[in-house]
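Chain by chain, the residues:
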Amino acid sequence: MTQAAEAAGLAIRNVTSDDEASVRELVTAAFPSDMEARLVHTLRHCGALVLEQVAVDAGGRVVGHIAYSRVTPAAIGPGQGMQVVCLAPVSVWPDLQKTGIGSALIKASLESLKDLGEDLVLVLGPPSYYPRFGFDPVLARKVQGPYAGDAFMALALTEAGSRDLPIEVAFATPFEEFE
């Protein structure tokens, strides 16, 4: 657990099947539509999730959620053997946003991804938020896929994550709803 999570009195752990209903409720509340909740459900049940974690408060309530799904490198070039994931989404109850829960989830989950041997993490999100965790739109310009622009960022977790670029990638099929 990260210092930020400890300071907030949070436990960060992997999702269990018992968490599904509370995660759906949380993700639905955190976004303006249920598209992200449907995305998480579909990614989970099609086997595309690499890592899914929740932040739980001292009372046992799920207060945050984060999911990472597999991104597939094209079958050519040095990057074809890279392990690439996409962070989407990170969710916190609206009344608890801006309290450090999302940051604690991101930091803890990035450490878990390093332990899992992931090379590169991609995210599509606010350019004012994700760079604090090391995400970089310049690095993401070396990743060809359905997303581009400064909101599309990348974070190398290993040397290969920056060395074996450029690459072309395909996101898990459920993301097509967002394209």
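A few points on the structure.

Let's shift gears to the packing of aromatic side chains. The description of an aromatic ring pair rests on the distance of the ring centres and on the angle between the ring planes. The final tally for this structure, using the stated rule, is six aromatic pairs. On the numbers, 5.7 Å between centres and 85 degrees between planes, the contact of Tyr-130 with Phe-135 is edge-to-face. For Tyr-130, a relative accessible area of 6% puts it in the buried group. Centre to centre, the rings of Tyr-147 and Phe-171 are 5.0 Å apart; their planes meet at 90 degrees, and the pair counts as edge-to-face. Taken together, the residues Tyr-147 in the loop between strand 6 (143–144) and strand 7 (152–156) and Phe-171 in strand 8 (residues 167–171) connect sequence positions 24 residues apart. Overall, Phe-171 belongs to the buried group, its relative accessible area being 12%. Here a set of aromatic residues connected by ring pairs shows up, and it is made of Tyr-129, Tyr-130, Phe-133 and Phe-135.

Enumeration according to the criterion identifies nine salt bridges in this entry. A salt bridge links Asp-19 to Arg-13; its shortest N-O distance comes to 2.7 Å. What makes Asp-19 buried here is its relative accessible area of 5%. For the salt bridge of Arg-70 with Glu-118, the shortest nitrogen-to-oxygen distance reads 2.8 Å. Residue Arg-70 is located in strand 3 (residues 62–73), and its partner Glu-118 is located in the loop between helix 4 (101–116) and strand 5 (120–124); the two are separated by 48 residues in the primary sequence. On the basis of relative accessible area, Arg-70 is assigned to the partly exposed category, the value being 26%. Each member of the salt-bridge network shares a partner with another, and the members are Glu-20, Arg-44 and Glu-52.

What counts, and where the lines are drawn
Residues numbered from 1 in each chain as written. Predicted model: local features only at pLDDT ≥ 70, side-chain atom pairs only at ≥ 80, totals over all residues. Heavy atoms only, no water. Phe/Tyr/Trp six-rings, centres within 6.5 Å; stacked < 30°, edge-to-face > 60°. Buried < 20%, exposed > 50% of the residue type's maximum accessible area, 1.4 Å probe, protein only. Helix = DSSP H or I, 4+ residues; strand = E, 2+ residues; numbered from the N terminus. Salt bridge = Lys/Arg side-chain N within 4 Å of Asp/Glu carboxyl O.

Scope: geometric values only; no functional claims are made or implied.
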